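Analysis of the macromolecular model
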Amino acid sequence: MTAPGAVLLDADGTLVDSTYLHVSAWSQAFARIGQPVDSWRIHRCIGMGSDKLLAALLGDRADELGKSASELHSEIYAGTTDRIRRLDGVHELLRALRERGLRAVLSTSAPPDELEHIRRVLDAEDLLHAVTAAEDVEEAKPEPDLVTTALAKAAMPAERAVFVGDAVWDVEACKRAGVPCIGVLTGGISAGELRDAGAVAVYGSVGHLLDELDTSAVGRLLH
């Protein structure tokens, strides 16, 4: 049976509470290579692909130091994965999407090792139609590749999909792919910034979105 639409979902900061673990890991990594970066600047770049994050934060030293910083980030972050937790309302939202016949696609820029931890914490394989991650695309957010790949896996055109994410980079990627983006505040980015970037609506969390699902942009896919 043909589904009425698809909901594409970011992971870090949207479905799992991991944003500030990444900030801490990057902060420690930059300090260890002798290039300390203020945590607020790191936070502003979470959600970008790592290559773009390194370019933004290390500038003209990214080519020289980026590989070391990235490896250190992965090592430090791996030591914190026991602290990652699924955000409230995730399973309930995914079940509600399935009950309405919508295809839920996990769309994250996480590399394979981080994706493994995300999937373990989500514990929602039976509720997901498909998963896309960094290894599936050439360019990470804010480029549209992750969004367009998720659309392909959902077998849906852009006009029959909605993306849910927590960062302005999610919104930017969606604009380039022609997919409406709903913002959530659980990644620490303000409602004003998400709306200014182009989010069609902003909710406190995916649990809040669930409470208003049928009147949201997701609900409009059913009509």
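The residue count restarts for each chain, going from 1 along the sequence in the order it is written. Two thresholds apply to this predicted model, a pLDDT of at least 70 for residue-level local features and 80 or more for giving and counting side-chain atom pairs, whereas whole-chain, interface and lining totals are computed over all residues. With hydrogens and water stripped out, all remaining heavy atoms of the structure feed into the side-chain values.

As annotated in an unreviewed UniProt entry, the chain carries the name HAD family hydrolase and comes from Georgenia yuyongxinii.

A look at the nonpolar core
Inside soluble globular proteins, nonpolar side chains tend to come together where they are buried. Condition: Within this scheme, the nonpolar core is defined by two criteria: the residues are buried Ala, Val, Leu, Ile, Met, Phe, Trp, Tyr or Cys, and they are joined through side-chain atoms within 4.5 Å. Burial status follows relative accessibility: with a 1.4 Å probe on protein chains alone, a residue under 20% of its type maximum counts as buried, one over 50% as exposed, and anything between as partly exposed. Residues count as neighbours in contact if any of their non-hydrogen atoms are within 4.5 Å of one another.
Residues Leu-9, Phe-30, Leu-53, Leu-94, Leu-97 and Leu-106 are the most contacted members of the largest nonpolar core, which totals 60 residues. Setting aside anything within four residues of it in sequence, one finds Leu-97 in contact with Val-7, Leu-9, Leu-102, Ala-104, Leu-213 and Val-218. Among the nonpolar cores identified, the runner-up in size contains 25 residues, and Leu-8, Ala-173, Cys-174 and Leu-194 belong to it.

Things to note about the domain arrangement of the chain
Cut-off, in case you're wondering: Residue ranges labeled as domains rest on an automatic or database domain assignment. Put simply, buried area is how much 1.4 Å-probe accessible surface two parts lose in total, over both of them, once they are put together. We define a salt bridge as a side-chain nitrogen of Lys or Arg found within 4 Å of a carboxyl oxygen belonging to Asp or Glu. Pairing of N or O atoms within 3.5 Å defines a polar contact, subject to two protein rules: one partner must be a possible hydrogen donor and the other a possible acceptor, and residues neighboring in sequence count only if both atoms are side-chain atoms.
Assigned domains of the chain: these are domain 1 (6–17 + 84–221) and domain 2 (19–82). The distance between the C-alpha centroids of domain 1 and domain 2 comes to 23 Å. Across the contact, 21 residues belong to domain 1 and 18 residues belong to domain 2. Across the interface of domain 1 and domain 2, roughly 1500 Å² is buried in total on both sides, 47% from carbon and sulfur atoms. Per-residue buried area on domain 1 facing domain 2 is highest for Ile-84, Glu-114 and Trp-169; these three make up 35% of the total on that side. Ionic pairing is found between Lys-52 and Glu-139, a salt bridge with its closest N-O pair at 2.8 Å. Linking domain 1 with domain 2 are six residue pairs in polar contact (both at pLDDT 80 or more), by the criterion used here.

Observations concerning the pairing of strand β1 (residues 6–9)
Rule in force here: Each helix is a run of DSSP H or I of at least 4 residues and each strand a run of E of at least 2, with the numbering of both proceeding from the N terminus. Strands pair, by our definition, only if DSSP identifies at least two bridges between them.
Taking every second residue as pointing to the same face, both faces of β1 are buried, with Ala-6 and Leu-8 on one and Val-7 and Leu-9 on the other. In terms of strand pairing, β1 meets strand β2 (residues 103–107) through four bridges, oriented parallel. By the bridge assignment, Ala-6 is partnered in β2 with Arg-103.

Thoughts on the pattern of salt bridges
Applying the stated rule across the entire model yields 13 salt bridges. The closest approach of N and O atoms between Glu-71 and Lys-67, which form a salt bridge, is 2.6 Å. Residue Glu-71 and its partner Lys-67 are located together in helix α4 (residues 62–78), separated by four residues, close to a single helical turn. Relative accessible area serves as the criterion here: at 61%, Lys-67 is assigned to the exposed category. Shared partners join several salt bridges into a network, and the residues in it are Asp-10, Lys-141 and Asp-170.

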